[in-house]
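A structural walkthrough
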Amino acid sequence: MAPDSEPDDDLEPDEVEDDPDFEEDGGDQTEVTIEVRGLSLYTHHGVTAAEREVGQRLVLDIRLEVGDCDATVTDMVEDTVDYGEVCNTVSLVAQQRSYKTLERLCSAVADRLLDEYSADEVWVKAAKPEPPIPLSVDEVSVEVWRQRGGDDED
C-alpha cells in the first residue's frame with residue numbers, strides 16, 4: 001500500500017460496511033461525554049426512619065452522552081451541557097424530597113437530566129460511603145441508566 005493511500009482502499013465493498021471507521025457520508029464523527037464524579041451531598045434518603053431523619057452523605061457520579069455538540073468547534077459553553085448546571089440540578093433533585101431507595105433517587109435524577117439537558121443517554125450512580133449495615137464495606141451504590149426515547153409527542 002502506498003504511504004498516501006487510505007487504509008480502507010484495500011477493503012472489498014462488503015468489508016467497508018463492517019469497518020468501524022467507515023461512515024457513508026465520509027465525515028468525521030465526534031461523540032462527547034460529560035462526566036461528574038464524586039458530587040458529595042448531604043441528603044435524607046433511606047429505608048429507615050433514622051436515615052431519613054438524621055440524613056447522611058451520598059456521593060453521586062453522573063455521565064451524560066451528548067453526542068456531537070458544537071462546543072468542539074465553537075469553544076462556547078452555550079453549545080454544550082454546562083456541568084456546573086448539571087451539578088446544581090442533581091443537588092436540587094437529591095435534596096428536594098426523601099426517597100427510600102437509591103434506585104428511585106437515581107431514576108428521579110436521570111429523568112430530570114434528560115428533561116433539562118441535550119443528552120441522549122444518562123447514567124446516575126449514588127453511593128452511600130457509610131451505609132447503615134453491620135458489616136465493613138467501602139460503600140454501597142446503585143447505578144441507573146436512561147436513554148432518551150424516540151420522538152416525543154406532546
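Look above for the structure.
The following refers to the structure shown. Just so it is clear, the structure is predicted and the values come from calculations on it, not from any experiment.

**Points about the nonpolar core**
By size, the foremost hydrophobic cluster in this structure holds 33 residues, and its most contacted members are Leu60, Ile62, Leu64, Val90, Leu113 and Val124. Elements represented by at least two residues in this core include exactly strand E1 (32-43), strand E2 (56-67), helix H4 (83-96), helix H5 (102-116), strand E3 (121-128) and strand E4 (140-147). When residues in this core are grouped by element, the largest group, 8 residues, is from H5. Those residues in contact with Val90 that sit more than four places away from it in its chain are Leu39, Leu41, Leu60, Ile62, Val109 and Leu113.

**Overview of the packing of H4 against H5**
At their nearest, the axes of H4 and H5 sit 10 Å apart, and the two run at 140 degrees to each other. Between H4 and H5, the angle is such that the two are oblique. The two elements H4 and H5 cross, and the hand of that crossing is right-handed. Counting all contacts with H4, which are made through Val86, Thr89, Val90, Val93, Ala94 and Gln96, the residues of H5 involved are Leu105, Ala108, Val109, Arg112, Leu113 and Glu116. Taken together, the residues of the contact of H4 with H5 sort by class into 8 nonpolar, 2 polar and 2 charged.

**Quick word on the sheet that holds E2**
Within the open sheet, the 4 strands sit side by side as E1-E2-E3-E4. Their pairing is antiparallel. Strands at the two margins of the open sheet, each flanked by one partner only, are E1 and E4. Strand after strand, the sheet turns through a mean of 15 degrees between neighbouring axes, direction not considered. Relative to E1, H4 is tilted by about 40 degrees, and along the sheet it contacts E1 and E2.

Scoring rules and cut-offs
- What you see as residue numbers is a count from 1 along each chain, following the sequence as written.
- Two thresholds apply to this predicted model, a pLDDT of at least 70 for residue-level local features and 80 or more for giving and counting side-chain atom pairs, whereas whole-chain, interface and lining totals are computed over all residues.
- Note that the side-chain values use all heavy atoms of the structure and ignore hydrogens as well as water.
- As used in this record, nonpolar core signifies buried Ala, Val, Leu, Ile, Met, Phe, Trp, Tyr and Cys residues forming a set joined through side-chain atoms within 4.5 Å.
- Buried means the residue's accessible area, taken with a 1.4 Å probe over protein chains only, is under 20% of the maximum for its type, while exposed means over 50%, and partly exposed covers the values in between.
- Strands here are runs of E lasting at least two residues and helices are runs of H or I lasting at least four, both read from the DSSP assignment and numbered beginning at the N terminus.
- Whether two residues touch is decided by their heavy atoms; if any such pair falls within 4.5 Å, the residues are in contact.
- All axes here are fitted lines through C-alpha atoms, helices being fitted over the stretch that makes contact, and every angle between N-to-C directions spans 0 to 180 degrees.
- Angles are sorted into four bins: roughly parallel if under 35 degrees, roughly antiparallel if over 145, roughly perpendicular if 65 to 115, and oblique for all others.
- In this scheme the crossing of two helices becomes right-handed for a clockwise turn of the near helix relative to the far one and left-handed for an anticlockwise turn of less than a right angle.
- Under the scheme applied, nonpolar residues are Ala, Val, Leu, Ile, Met, Phe, Trp, Tyr, Cys and Pro; charged residues are Asp, Glu, Lys and Arg; polar residues are all the others, including Gly.
- Two strands qualify as a pair provided that DSSP identifies no fewer than 2 bridges between them.

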